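Reading the structure
For reference, the chains in residue letters:
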Amino acid sequence: MIKDWFFSILTLCVFGVTFVYYDLKGRLALRRSPEAFDATMADLQRRLIDSFRISGVSVTIEGAEFVEDGTAFIFVSNHQSMFDVPIFGGLLTGKFPKYVAKASLAKGIPAVSLNLRSGGNALIDRGDREQALEAIADMGRTCEERQVSAVIFPEGTRSRDGSVGEYRIGGLEALMRSAPTMPVVPTAIDGSWKVFEDNMFPIPYGTPVRVRLGPPIARHEGEDHAAILEACRQHAVDTLAEWAATNT
């Protein structure tokens with residue numbers, strides 16, 4: 001426990017400095033171009049992953065070979081914690097993924113709020129379904145036009161124990177309709193919930209986080225969005241069950 005606290009304090013110090021530094025760097029990049037801003041925010045997310053390594057957190061990714069070309073993708077993943085976000089932006093170099101986030105996060109968090117406001121992400125009001133779906137559709141159109149990737153967590157909220165919840169169709173359907181050429185990548189994440197189990201106070205030292213990407217699902221006219229959603233959820237369920245069995 002003392003070890004957890006010691007390295008957590010170091011991690012949080014680096015975490016805070018990283019946010020402030022990249023907030024300033026991001027504002028300068030915005031003056032140059034959207035591409036410069038994307039590259040800066042990708043670097044931010046890589047550095048956030050690095051900061052967690054101070055607490056011994058490791059991240060391994062399987063299936064990266066499925067997304068190595070220059071294609072933009074829609075990543076559909078289960079959701080365990082806020083650590084899931086830099087996993088996509090920090091490890092999938094060059095994909096510059098956009099996210100769906102609560103509108104309240106667009107204020108008060110250095111670098112993160114700047115990215116959410118200015119990076120082409122979808123800021124949603126969970127109490128206004130029509131607004132949320134339109135914001136997601138706008139994000140999809142931006143991703144399609146700029147050929148950058150999108151990430152969506154169809155559970156709509158974070159798991160507190162690592163289990164996979166219900167996947168909701170609305171957001172993914174809006175995203176797929178507005179980005180009709182972008183293949184869908186089923187994604188499974190496990191272990192990140194443990195990093196935030198106590199809201200980082202402390203971070204359990206040496207927590208392993210695993211990510212598995214499935215083969216991309218090609219897009220075509222008349223596709224069954226509900227079937228694609230279920231395939232993505234089943235990928236997460238099966239992967240987490242497999243990992244759990246190998247850990248026992």
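Remember, predicted model here, so these are calculated numbers, not experimental data. (Residues numbered from 1 in each chain as written. Predicted model: local features only at pLDDT ≥ 70, side-chain atom pairs only at ≥ 80, totals over all residues. Heavy atoms only, no water.)

Bringing the overall build of the protein chain into the picture now. Of the regular secondary structure elements, the protein chain holds 8 helices and 7 strands. Within the protein chain, the fraction of its 248 residues that count as buried is 49%. Once local pairs closer than 6 in sequence are excluded, the contacts in the protein chain between residues at least 24 apart make up 76%. Roughly 11700 Å² of accessible area belongs to the protein chain as shown, and the carbon and sulfur atoms make up 56% of that amount. Placing the 26 positive and 31 negative side-chain charges of the protein chain at their respective mean positions leaves the two points 7 Å apart. (Helix = DSSP H or I, 4+ residues; strand = E, 2+ residues; numbered from the N terminus. Buried < 20%, exposed > 50% of the residue type's maximum accessible area, 1.4 Å probe, protein only. Contact = heavy atoms within 4.5 Å. Areas by Shrake-Rupley, 256 points an atom, 1.4 Å probe, with all protein chains shown as cover. Lys, Arg positive; Asp, Glu negative; His and termini not counted. Charge placed at Lys NZ, Arg CZ, Asp CG, Glu CD.)

Looking now at the packing of aromatic side chains. Counting across every chain of the model gives 11 aromatic pairs. Considering the side-chain rings of Tyr21 and Tyr22, the 5.0 Å spacing of their centres and the 90° angle between planes classify their relative orientation as edge-to-face. Centre to centre, the rings of Phe75 and Phe88 are 5.7 Å apart; their planes meet at 55°, and the pair counts as tilted. Remark: Phe88 occurs in helix α3 (residues 84-91) and Phe75 occurs in strand β2 (residues 74-77); sequence separation between them is 13 residues. Judged by its relative accessible area of 0%, Phe75 falls in the buried class. Grouped by ring-pair contacts, the aromatic residues Phe15, Phe19, Phe52, Phe83 and Phe196 constitute a single cluster. Across from the ring centre of Tyr205, 4.2 Å away, lies the NZ or CZ of Lys3, which sits over that ring. (Phe/Tyr/Trp six-rings, centres within 6.5 Å; stacked < 30°, edge-to-face > 60°. Lys NZ or Arg CZ within 6 Å of the ring centre and 35° of its normal.)

To continue, consider the confidence of the model for the protein chain. Counting all residues, the mean pLDDT for the protein chain is 93, and 99% of those residues have values of 70 or more. The lowest-confidence element of the protein chain is α3, averaging 88 in pLDDT; the highest-confidence one is strand β6 (residues 184-190), averaging 97. (pLDDT = per-residue confidence, 0-100.)

Below, the discussion takes up the sheet that holds strand β4 (residues 122-124). Through backbone hydrogen bonds, the strands of a sheet pair up, either in parallel or in antiparallel fashion. If you walk across this open sheet you meet the 7 strands as β1-β7-β6-β2-β5-β3-β4, and the pairing is mixed. What marks the edges here is a single partner per strand, and that holds for β1 (58-62) and β4. For this sheet, the mean inter-axis angle between neighbouring strands, taken without regard to orientation, is 25°. As paired strands, β6 and strand β7 (residues 208-213) are joined by 4 bridges and run antiparallel to one another. In the sheet register, Asp190 faces β7, and the bridge partner there is Arg210. (Pairing = 2+ DSSP bridges. Axes fitted to C-alpha atoms, helices over the stretch in contact; angles between N-to-C directions.)

Further remarks concern the packing of helix α6 (residues 169-178) against helix α8 (residues 225-247). For the pair α6 and α8, interaxial distance at closest approach is 10 Å and the crossing angle is 115°. The handedness of the crossing between α6 and α8 comes out as right-handed. Between α6, through Ile169, Leu172, Glu173, Met176 and Arg177, and α8, the contact on the second element is made entirely by His225, Ala226, Ile228 and Leu229. (Left-handed = near helix turned anticlockwise from the far one by under 90°.)

Two elements in contact, helix α2 (residues 34-53) and α3, have axes separated by 7 Å at closest approach and are oriented at 120°. Judged by the angle between their axes, α2 and α3 are oblique. Considering the relative orientation of α2 and α3, their crossing is left-handed. Residue-level inspection shows Ala42, Gln45, Arg46, Leu48 and Ile49 of α2 in contact with α3, the latter providing Val85, Pro86, Ile87, Gly89, Gly90 and Leu91. Here the residues of the contact of α2 with α3 are counted per class, giving 7 nonpolar, 3 polar and 1 charged. (Parallel < 35°, antiparallel > 145°, perpendicular 65-115°, else oblique. Nonpolar A, V, L, I, M, F, W, Y, C, P; charged D, E, K, R; others polar.)

The next subject is the side chain of Ser51. Along the chain, the position of Ser51 falls in helix α2. Taking the relative accessible area as the measure of exposure, Ser51 reaches 1% and is therefore buried. In terms of polar contacts, Ser51 uses its side chain to reach the backbone carbonyl oxygen of Leu48, at 2.6 Å. Setting aside residues no more than four positions away along its own chain, Ser51 makes contact with Thr11, Val14 and Phe15. (Polar contact = N/O pair within 3.5 Å; in protein donor to acceptor, adjacent residues only side chain to side chain.)

Turning our attention to unusual backbone geometry. Of note, the amide linkage connecting Phe201 to Pro202 takes the cis form, showing an omega dihedral of 0°. Topologically, Pro202 is positioned in the loop between α7 (192-195) and β7. The backbone of Phe96 sits at a positive phi, close to 45°, despite the residue not being glycine. Examined against the element boundaries, Phe96 turns out to sit in the loop between α3 and β3 (98-102). The class for Phe96 is partly exposed, based on a relative accessible area of 25%.

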